[in-house]
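# Structural description and commentary
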Number of protein chains: 2
Amino acid sequence: MRTSQYILATLKETPSDAEIVSHQLMLRAGMIRRVASGLYTWLPSGLRVLKKVENIVREEMDKAGAIEMLMPIIQPADLWEESGRWEQFGPELLRINDRHNRPFALGPTHEEVITDFVRKEVSSYKQLPLTLYQVQTKVRDEVRPRFGVMRAREFTMKDAYSFHLSDECLEKTYQVMHTAYCNIFERLGLDYRPVIADTGSIGGSVSHEFHVLAESGEDAIAFSDASDYAANIEKAEALAPTDARPAATKELKAFPTPDAKTIAELKEHYGVKPHRGVKTLIVYGAPDENEQRGLVALIVRGDHELNELKAEKHPLVDSPLEMAKEEDIVAAIGAKPGSLGPVGLNMPIIVDRTANVMADFVAGANKDGEHFSGINWDRDVENYEVADIRNIVEGDPSPCGQGTLQIKRGIEVGHIFQLGTKYSEAMKAGVLSESGKNQIMTMGCYGIGVSRIVAAAIEQNNDEYGIKWPQPIAPFDLAIVPMNMHKSHRIPDIANNLYDGLKAQGIDVLFDDRKERPGVMFNDMELLGVPYTLVIGERNLDENKVELKNRRTGEKLMLDLDTAIAEIAALVKG
Amino acid sequence: MRTSQYILATLKETPSDAEIVSHQLMLRAGMIRRVASGLYTWLPSGLRVLKKVENIVREEMDKAGAIEMLMPIIQPADLWEESGRWEQFGPELLRINDRHNRPFALGPTHEEVITDFVRKEVSSYKQLPLTLYQVQTKVRDEVRPRFGVMRAREFTMKDAYSFHLSDECLEKTYQVMHTAYCNIFERLGLDYRPVIADTGSIGGSVSHEFHVLAESGEDAIAFSDASDYAANIEKAEALAPTDARPAATKELKAFPTPDAKTIAELKEHYGVKPHRGVKTLIVYGAPDENEQRGLVALIVRGDHELNELKAEKHPLVDSPLEMAKEEDIVAAIGAKPGSLGPVGLNMPIIVDRTANVMADFVAGANKDGEHFSGINWDRDVENYEVADIRNIVEGDPSPCGQGTLQIKRGIEVGHIFQLGTKYSEAMKAGVLSESGKNQIMTMGCYGIGVSRIVAAAIEQNNDEYGIKWPQPIAPFDLAIVPMNMHKSHRIPDIANNLYDGLKAQGIDVLFDDRKERPGVMFNDMELLGVPYTLVIGERNLDENKVELKNRRTGEKLMLDLDTAIAEIAALVKG
């Protein structure tokens, strides 16, 4: 491609509405333009990257035995009513009426359509297992679209669905998909981690997210420093401490704390170290048979954070988790938040595993402006349950049994689920089993945010000059930058010959044939993140040389003009 | 691909709701399934064909210098308001509101979005000409979706748009696109014709449609038998006869015709040959300065048909053309349709060129139940205009001056337009010209119905057994059908080796490894239209042979097992 016949569309200024670096660089490098909130046009450079990502995803899905098909974006409401999601889904589901006023949705996902397809087309266990996928435009009417294509309203996804007779078979395919996803992210040239994840509103039991690591990532991920273990921090288990709880050495004693409503204030005004105190959080309990909700106290060590996802999974706690209103707390306890604690508390108490091995600790006295010191479990608090209800912190032992946990940030770009029968049950998707009975299929689903990967790759690979693409997804493999070509006798022919020769080797070349100053051309190629730049200048030509610059390492190589094409081909394809 | 790991989904019965052969065969061959009216899932076999068509289109567009990008499906209403089409477009434009109640449309076409893009990104004449394209899912809320993917509500289109400083430049790019389209349809292996077409609601001046010829086509196309001339019958000019009008030989004479209200009845009951009479059609005239519409008479020879498109372009006639209501005709003339004619008619009369060279002809007398014979122009009818207002018929001289016209039927699969400044003017899309002035760009647009081509190809290529794909777009190049493989000792190994060997040659092979009777397998492969079937049977293997069957010609070749792969590769790729 010659820049003179291309739309480079690079910008010098950083657009003011772009908050994160990938959004800024995608605008500045001429990859995308905004059409409306959350709706983007992909310019030629952006589309080239998107297509390369898409092709790698497609090749690995095919290799893994998944079969590609294509479902419509517009889905009839009745399928969503069958699954129950027409009601459950919020306004992210963009609902529309056609000219005959029939209700449809623009698909954010295709569980309903694929389950309907399979229940009609697959009738026998002999046709199972079956994994189907598509690469498609999806729609999600985000309340606040932002970060460019990272959270857009229209985006490209690869979604796959598998169907099975048994959970064992599902687990096998799930593992195949897990491996395929690792291969995909490996081939994309990204630093990524598969992490144990929550299944959320999609449903199912086992689930992994695939994260591209980047400091700007929205999610926190816990890793073992000694194994492959990685989990979304929401989901990472905080093991019970192996050390036993020390024996009580102090008496229970009240002391006035008029200036302390938080752990930090307790430390500041009364010298209580955070790890010597506990936080007492009051939430609503699971409804009883009369749909009444009582209160439940959740207790974590003062320097720890409650993990809401873990807490709401406890049978005593209502889900989704809801913090109790102050008036309900005061009515039940007689004290306000800031002075609460487990001693004498007349409600179910759930104590975090780590808080449970504390002795002689500090907590609110359930009187405003008063705390107890020297609290000891069992002696001072008799009825309580112990559970894992906190977020892990760096240095915790890894739940896998090896090493300790570290925390990094990631961008979720893939998510795989063992769905089970959530959709097949609701939509009566069964097959004849070997024994001739109708049996509901069990399902898996596997998504990759194709357009999101483009932004995530930039978050992970950029510097002050622009994008540093991993070679496999760069819009071009190499840029030819001839210096002052239009004033030279020999440079045009040499540049054209190199261009033709490199193209013939199957290399994606961008030939910058504009009448621009070299500095402008270098800046554009660095901004666009082309992995190699081949600089053709008079001085080097005098010695029959051209210069090859590596965008990522900054390394410069002098190549003989005669062997340059072969050397570059070896580098780019090697 | 092995059928055991694929979804073949062939059907024995022809679905009752499929009216045309391509729709029937796409369902029966397992290419598509209906999700809702006009909304289809593409099964693996269908998607394979769709992708092959898409790739050929893409390659030829790239070769022609067009640059690929991707615009959103969801388009903001304000752009459509700027162009004026938010009001003009009917309910085919699927309008939606997002969660904030802002209006959007699901794009049936992208003139507005691309014009907005180019006016923002292109500022100088130096960046022109520029041709941009996308391959994308489009939405059109058809009042009566039918014929499967031939007229669906969601479909795949390639749409391209070009931008220019001058009409000469536009004409040049238009010609490049015309050539690219010819290359595309040539490579697709289809019998097609570029035909001169009307520009319709898209606007512009010059326009060509590309038709795949098929007897079931909705459009009639007029061809010269001696040149490349081809035009949509709507648009084909009926030349004025070169023979002069004969002199009058008969007197004007009224005769009673109580039993004749049509040309056919005139012939049946009164022996008037159709080409000796004329039809008189009363339509509404163009509104006058007070928005009042009078009546206008249109006269064509009895055996000819009015061409409404030609008629409505006449300045005297209202557009769109509307036939006058009977009460308005009776009020103005005093007679009902069936007895109307030009003699004594008190309204503007437009006479078709061929009707104008008639002498001594028959027409209604403007009295119910009465006709005149021996009518002669000028003598009996003084005020009239002459124009081309009829459809051409086979045997008419070609407007190109060479040969006579024939009529064939076609399916429109492409349409190119010299748009001019319709959109750029309305949306103020200008660039700085060489002289430093702001100049509105002139535009072309170029569409191909990618998913429609799949159906059109089947309409053109089928027989009683199923589809006969042109090789370049067949879902598979070749099917391996081993006979009774599961009872044989040697066939499985031989079939597997051939499968691996052919795949290694880059051939798309479908290996039918089901435990089915040979007849079932042959029928499925013929239905699916795979161009070659390689049959592996015990008897031929005794002589070290395998049989290759050509789906299109029925021809059977015996191949030596040892050289089969090389011979097949030469055939398929040659």
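All of the points below concern the structure found in this document. (Residues numbered from 1 in each chain as written. Chains lettered and ligands numbered in written order. Predicted model: local features only at pLDDT ≥ 70, side-chain atom pairs only at ≥ 80, totals over all residues. Heavy atoms only, no water.)

### Thoughts on the relation of the copies chain B and chain A
Mapping chain B onto chain A calls for a screw motion: a turn of 179 degrees about the axis and a shift of 0.1 Å along it, with 0.4 Å RMSD after fitting. What the rotation and shift describe, once combined, is the action of a two-fold rotation axis. Identified as the residue of chain B closest to the rotation axis by C-alpha distance is I96 of chain B, at 3.1 Å. (Least-squares fit on C-alpha atoms with pLDDT ≥ 70 in both.)

### Remarks on the environment of H489 of chain B
In this structure, H489 of chain B sits in the loop between β26 (478–482) and α12 (491–504). In this structure, the C-alpha to C-alpha distance between H489 of chain B and E538 of chain B, residues 49 residues apart in sequence, is 9.7 Å. (Helix = DSSP H or I, 4+ residues; strand = E, 2+ residues; numbered from the N terminus.)

### Description of the interface of chain B and chain A
Contacts between chain B and chain A engage 48 residues on the former and 48 residues on the latter. A buried area of about 4,200 Å², summed over both sides, lies between chain B and chain A, and 66% of it is on carbon and sulfur atoms. The interface formed by chain B and chain A contains 6 salt bridges. Residue D98 of chain B pairs with R153 of chain A through a salt bridge whose shortest N-O separation is 2.8 Å. Taken together, chain B and chain A are joined by 16 residue pairs in polar contact (both at pLDDT 80 or more). With 5 residues, helix α2 (residues 44–63) of chain B is the single largest residue contributor to the side of chain B that touches chain A. Classifying every residue of the side of chain B that touches chain A gives 31 nonpolar, 5 polar and 12 charged. (Contact = heavy atoms within 4.5 Å. Buried area = accessible area lost by both parts, 1.4 Å probe. Salt bridge = Lys/Arg side-chain N within 4 Å of Asp/Glu carboxyl O. Polar contact = N/O pair within 3.5 Å; in protein donor to acceptor, adjacent residues only side chain to side chain. Nonpolar A, V, L, I, M, F, W, Y, C, P; charged D, E, K, R; others polar.)

### Regarding a positive patch on the surface
On the surface, K250, K253, K273 and R276 of chain B cluster together into a patch of positive charge. One can find K253 of chain B in strand β13 (residues 253–256). (Patch = residues over 30% accessible without salt bridge, like charges linked within 9 Å, V, L, I, M, F, W, Y side chains within 5 Å. Areas by Shrake-Rupley, 256 points an atom, 1.4 Å probe, with all protein chains shown as cover. Lys, Arg positive; Asp, Glu negative; His and termini not counted. Charge placed at Lys NZ, Arg CZ, Asp CG, Glu CD.)

### Quick look at the packing of α12 of chain B against helix α15 (residues 564–573) of chain B
Residues and elements named next belong to chain B. Relative to each other, α12 and α15 sit at 40 degrees, their axes nearing to 10 Å. Considering the angle they form, α12 stands oblique to α15. Taken as a pair, α12 and α15 cross one another with a handedness that is right-handed. From α12, N497, L498, G501 and L502 reach across to α15, where they touch A564, I565 and I568. Here the contact of α12 with α15 is composed, by residue class, of 5 nonpolar, 2 polar and no charged. (Axes fitted to C-alpha atoms, helices over the stretch in contact; angles between N-to-C directions. Parallel < 35°, antiparallel > 145°, perpendicular 65-115°, else oblique. Left-handed = near helix turned anticlockwise from the far one by under 90°.)

### Describing the packing of aromatic side chains
Aromatic ring pairs are described here by two measures, namely the spacing of the ring centres and the angle between the planes. Summed over all chains, the structure comprises 22 aromatic pairs over all chains. Aromatic side chains Y181 of chain B and F185 of chain B sit 6.4 Å apart centroid to centroid with 65 degrees between the ring planes, which places their arrangement in the edge-to-face category. One end of the pair is Y181 of chain B and the other is F185 of chain B, both in helix α6 (residues 167–188) and 4 residues apart, which spans about a single turn. Residue Y181 of chain B shares its accessibility class with F185 of chain B, and that shared class is buried. Through a chain of ring-to-ring contacts, three or more aromatic side chains come together here, namely Y181, F185, Y192 and F210 of chain A. A cation over an aromatic ring shows up here: R95 of chain A above the ring of W86 of chain A, its NZ or CZ 4.8 Å from the ring centre. (Phe/Tyr/Trp six-rings, centres within 6.5 Å; stacked < 30°, edge-to-face > 60°. Buried < 20%, exposed > 50% of the residue type's maximum accessible area, 1.4 Å probe, protein only. Lys NZ or Arg CZ within 6 Å of the ring centre and 35° of its normal.)

### Quick word on helix α13 (residues 518–528) of chain A
Every α-helix carries 3.6 residues per turn, so stepping three or four residues along brings you back to the same face. Residue and element names in this part refer to chain A. Along α13, 8 of the 11 residues are buried, which leaves the element largely enclosed by surrounding structure. Inspection of α13 places P518, V520, M521, D524, M525, E526, L527 and L528 among the buried residues, and these make up the whole buried set. G529 occupies a position one or two residues after α13 and carries a positive phi of about 80 degrees.

### What to know about the sheet that holds strand β17 (residues 361–367) of chain A
All names here are of chain A. Read from one edge of the open sheet, 3 strands run β13-β18-β17, paired in antiparallel fashion. The open sheet terminates on both sides in strands that have one partner only, identified here as β13 (253–256) and β17. Strand after strand, the sheet turns through a mean of 35 degrees between neighbouring axes, direction not considered. As paired strands, β13 and strand β18 (residues 370–375) are joined by 4 bridges and run antiparallel to one another. Residue F255 lies in a different strand from β18, and its bridge partner there is H371. (Pairing = 2+ DSSP bridges.)

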